[in-house]
Amino acid sequence: MSFPPRRDGRTANRGDAVAALPLGPDSMEILTSKFSVHNLDTTDLVALSGAHTFGRVQCGVITNRLHNFTGNNGQSDPSIEPKFLRTLRRKCLQGRSLTARVNLDPTSPDSFDNDYFKNLQNNRGVIESDQILFSSKGAPTVSLVNRFAKSQRKFYKAFAKSMIKMGKSISIG
């Protein structure tokens, strides 16, 4: 069986991916910078982050946020809602398997909906770079999270527009 050539790139390079893709501990400044390089704005950042409405993440990505956020052993990210923190800590036990997985959207993990944004409003974002979209006081991302949490239709419309924009702006190398 023959497969058509890939359209998303001709090569794969881990270093390039790490430099270009958002990472869990990225600050708001780094996130917006990584998107703006591709001519993507704040609305695109928030809308495309909504793809985390489904999928899972390995505990290794969030373990520092749960157990060693400030570099002081045992301290967690204070932006995590306490009951949710206990749930995440049970699933990602300190010193245990970093490959165990947790749902990015604990409310509706297998549905493409706007619950991801509602989770952020309730300080239940799993990845730090997701929660920062809502927890950064005064950031333009906060109103976008609120808009998408309130209206699934607005999220869908913005997501589709941002996906098309991203597809046109990222070069194939």
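Residues numbered from 1 in each chain as written. Predicted model: local features only at pLDDT ≥ 70, side-chain atom pairs only at ≥ 80, totals over all residues. Heavy atoms only, no water.

- Under the annotation held in an unreviewed UniProt entry, the protein carries the name peroxidase and is attributed to Brassica oleracea var. oleracea.
- Under the heading Catalytic activity (unreviewed entry), UniProt records this for the protein: "2 a phenolic donor + H2O2 = 2 a phenolic radical donor + 2 H2O".
- Per its UniProt entry, the protein bears the Function (unreviewed entry) comment "Removal of H(2)O(2), oxidation of toxic reductants, biosynthesis and degradation of lignin, suberization, auxin catabolism, response to environmental stresses such as wounding, pathogen attack and oxidative stress. These functions might be dependent on each isozyme/isoform in each plant tissue." (UniProt positions renumbered as here; feature names shortened; annotations may be inferred.)

### Considering the overall build of the protein
- In terms of regular secondary structure, the protein is built from nine helices and two strands.
- Helices and strands appear in the protein in the N-to-C order α-α-α-β-α-α-β-α-α-α-α.
- When the 173 residues of the protein are sorted by exposure, 37% land in the buried category.
- Considering only intrachain contacts with a sequence separation of at least 6, the fraction spanning at least 24 residues in the protein is 65%.
- For the protein, the accessible area works out to roughly 10500 Å², and carbon and sulfur atoms hold 53% of it. (Helix = DSSP H or I, 4+ residues; strand = E, 2+ residues; numbered from the N terminus. Buried < 20%, exposed > 50% of the residue type's maximum accessible area, 1.4 Å probe, protein only. Contact = heavy atoms within 4.5 Å. Areas by Shrake-Rupley, 256 points an atom, 1.4 Å probe, with all protein chains shown as cover.)

### Concerning the nonpolar core
- Residues Val46, Phe117, Leu120, Leu133, Val145 and Phe148 are the most contacted members of the largest nonpolar core, which totals 23 residues.
- Broken down by secondary-structure element, the contributors of at least two residues to this core are helix 2 (28-36), helix 3 (42-49), helix 6 (115-121), helix 7 (128-135), helix 8 (140-150) and helix 9 (152-169).
- In terms of residues, this core owes the most to one element, helix 8, which gives five residues.
- Not counting residues up to four positions away in its chain, the partners in contact with valine 46 are Phe117, Leu133, Thr141, Leu144, Val145 and Phe148.
- Counting 13 residues, the second largest nonpolar core, distinct from the first, contains Ile80, Leu85, Val126 and Ile127. (Core = buried A, V, L, I, M, F, W, Y, C linked by side-chain atoms within 4.5 Å.)

### Remarks on the UniProt feature "binding site: heme b" (unreviewed entry) in the protein
- Sites flagged by UniProt as "binding site: heme b" (unreviewed entry) map to His52.
- Structurally, the position occupied by histidine 52 is in the loop between helix 3 and strand 1 (56-58).
- Judged by its relative accessible area of 26%, histidine 52 is partly exposed.

### Concerning helix 4 (residues 59-67)
- Turning to helix 4, its buried residues number three or more, namely Cys59, Ile62, Thr63, Arg65, Leu66 and His67.
- Tucked into the core, helix 4 has its buried residues touching strand 1, helix 5 (82-91), strand 2 (101-103) and helix 7.

### Details of the pattern of salt bridges
- As enumerated under the stated definition, the model contains seven salt bridges in all.
- Here the salt bridges share partners, and the residues they tie into one network are Asp41, Asp44 and Lys165. (Salt bridge = Lys/Arg side-chain N within 4 Å of Asp/Glu carboxyl O.)

### Concerning the side chain of lysine 34
- Here lysine 34 shows up in helix 2.
- At 2.8 Å, the side chain of lysine 34 and the backbone oxygen of leucine 21 are in polar contact. (Polar contact = N/O pair within 3.5 Å; in protein donor to acceptor, adjacent residues only side chain to side chain.)

### Focus: the state of the cysteines
- Per the stated rule, a full pass over the model turns up one disulfide.
- Across the disulfide from cysteine 59 sits cysteine 92; the S-S distance is 2.0 Å. Between cysteine 59 and cysteine 92 the disulfide shows an S-S torsion of about -70 degrees. By sign, it is left-handed. In this pair, cysteine 59 is assigned in helix 4 and cysteine 92 in the loop between helix 5 and strand 2, connecting sequence segments 33 residues apart. (Disulfide = S-S within 2.5 Å.)

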